[in-house]
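# What the coordinates show
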Amino acid sequence: MRPQTRWMWLVTACGAVLLLGGAATAPAQETHVGSLTGHAASGKPLYTRYCAGCHGDDGDAQGENAQWIDPKPRDFTMATFKCRSTPSGSLPTDQDLFNSLERGFVTTNMPSWVALTPQNRIDLVSYIKTFSPRWRKAQAGKPIAIPPEPAPTIQSILHGRELFQRMECWKCHGPAGHGDGPSAHDLTDNKDNPIRPYDFQTGSRFMCGTTNEDLYRIFMTGLDGSPMPSFDDQLKPAEAWDLVHFLRTFQPLQTRESVIWRTWFSTHGRELKPIGPEGGGGGQ
Amino acid sequence: MITRYLAALALASVGGGAAGPPHRPPAAAGTISGKVTYTGTLPKLRPIDMSKEPNCVTQHPTPVMTQDAVTGPANSVRYVVVYIAAGDQGAPPATDTVRYDQKGCLYIPHVATMQVHQPLEIFNDDPHSHNIHPLARVNAEWNKSQPKGAPPIRTSWDQPEFIAVKCNVHPWMHGYFVVLATPHSAVTDSTGSFTLTGLPPGTYTVTAWHERFGTKSQEVTIAGSETKTVNFVLTARPY
């Protein structure tokens, strides 16, 4: 059995080198984050122990628990990932996958794997990259550039509100970010499973992080495989920051943005046209 | 996994074949034309409820019917892709741009064929936003927002694949990008007719594909500048 497996890897590795035009690249089964190097062979037993129950032995999301889980576990054979720093349609970086393992997804059944060692996690990242041939044919995308965040102002928040109207975010996320827009109820993911848009009013963490920068990255790169599209072709960086500042006002949290917003809203709130089909967004 | 990978390699080499030395038009070129019809029971077509998007309701004075099984006179079938699946002798890569429109909350055309690496431009002609989400499996899946007035999305595909396209905001919007290695393809019109032109002498496998009625193939030999008639009968399924 073993020589056969070795032969298969050899063929695959040769094919990968051919496809990459003979470029000198690290073996596909090795990953790097910071000073850590992950090895697929070390990740396999960890995967079988911690991940296969949901993601399946073959990485095809057919684990024995998958039928009880909603949203469904990631299918690694498709190599489509929601939380990326890279443009829609490109593979995530090793760091993106590593971060996802560490963070978990608050909106799904995927827990944080911070209890494993960093070496365990990087080995797991190496192993899940063996399930799809895409990892041998293409390289990870280039992370989108994120300029430093400007300080939130009421102008920035109001402009963000206008963009929320104009980009039609409300059609899924609802006029108050409650995840109850007109299109919210029949959204499906790339496997035709029903899926809900994020409800900002839960005050929870976002799917892919907690910071303003994470929020920026979520809508600019999109959550591939889900109905959430990418906006980096449509929004300039300054506009994206304005939208981040406005989205923060939806959350029932004491954020810098929400303090500015509530102070302004208490005196000027009536000037606003509501968000929605007839809505006007901005303060006029 | 290995098998799938080798299959992808094979597909890649087919796609690469089109980008060979400069192509010279053959001295004698044949034509294959015909009609696609169906037998069996058709699914029931339903009017599309676009009430979530008032702009689109007003663009269609009479309700639009679902487009996944459009038929015409004498059991003809529209939106069938007929293409050369085998026997192709290579051709220059297509450089003209394929246009795909989102208008009135519909994809126009419903089915668009294109060659591997052929430029594709996707337009939003509606006064509101769409998200265009090609559910690629062999190629890379992506999902991009295109608000009103946004410039066209310019892209192309690396591998042959039948890619379903959807808009998540308007879940009734369904279309197909049919990415082929061959330059010889056609989509049947409202009478179920198609024509494949410019075929050098040789033996070809001609395949007809329909999103609900499946595929059928036939072998056809072209001897010179002749026109051969090839008809397909697909089996309709009610669901």
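To be clear, the structure that these remarks concern was listed above.
An account of the accompanying structure is given in this report. (Residues numbered from 1 in each chain as written. Chains lettered and ligands numbered in written order. Predicted model: local features only at pLDDT ≥ 70, side-chain atom pairs only at ≥ 80, totals over all residues.)

With that settled, the discussion passes to the overall build of chain A. In terms of regular secondary structure, chain A is built from eleven helices and two strands. Each helix and strand of chain A, placed in order from N terminus to C terminus, yields the pattern α-β-β-α-α-α-α-α-α-α-α-α-α. Here chain A holds 284 residues, and the buried ones make up 43% of them. Sequence-distant contacts, at least 24 apart, represent 62% of the contacts inside chain A between residues at least 6 apart. (Helix = DSSP H or I, 4+ residues; strand = E, 2+ residues; numbered from the N terminus. Buried ≥ 20, exposed ≤ 12 C-beta atoms within 10 Å, placed from the backbone. Contact = placed C-beta atoms within 7 Å.)

So, about the nonpolar core. One finds B:V36, B:V80, B:V82, B:F177, B:A208 and B:L234 to be the most contacted residues of the largest nonpolar core, which totals 51 residues. It is strand β2 (residues 81-86) of chain B that contributes the most residues to this core, five residues altogether. Contacts of B:F177, omitting those with residues within four sequence positions, involve B:A112, B:M114, B:P134, B:W157, B:I163 and B:V165. By size, the runner-up hydrophobic cluster in this structure holds 32 residues, among which are A:F81, A:Y216, A:F219 and A:L247. (Core = buried A, V, L, I, M, F, W, Y, C linked by C-beta atoms within 7 Å.)

A separate point is the interface of chain B and chain A. Contacts between the two partners involve 24 residues from chain B and, on the opposite side, 30 residues from chain A. With five residues, the single largest contributor to the side of chain B that touches chain A is helix α1 (residues 2-17) of chain B. In terms of residue class, the side of chain B that touches chain A is made up of twelve nonpolar, seven polar and five charged. (Nonpolar A, V, L, I, M, F, W, Y, C, P; charged D, E, K, R; others polar.)

Before going further, it helps to spend a moment on the sheet that holds strand β14 (residues 202-210) of chain B. Residue and element names in this part refer to chain B. In space, the four strands of this open sheet follow the order β12-β2-β14-β15, with antiparallel pairing throughout. The sheet is open, and its two edges are formed by β12 (185-187) and β15 (214-222), each paired on a single side. The sheet shows a mean angle of 25 degrees between the axes of neighbouring strands, direction not considered. By the bridge criterion, nine bridges tie β14 to β15 in an arrangement that is antiparallel. (Pairing = 2+ DSSP bridges. Axes fitted to C-alpha atoms, helices over the stretch in contact; angles between N-to-C directions.)

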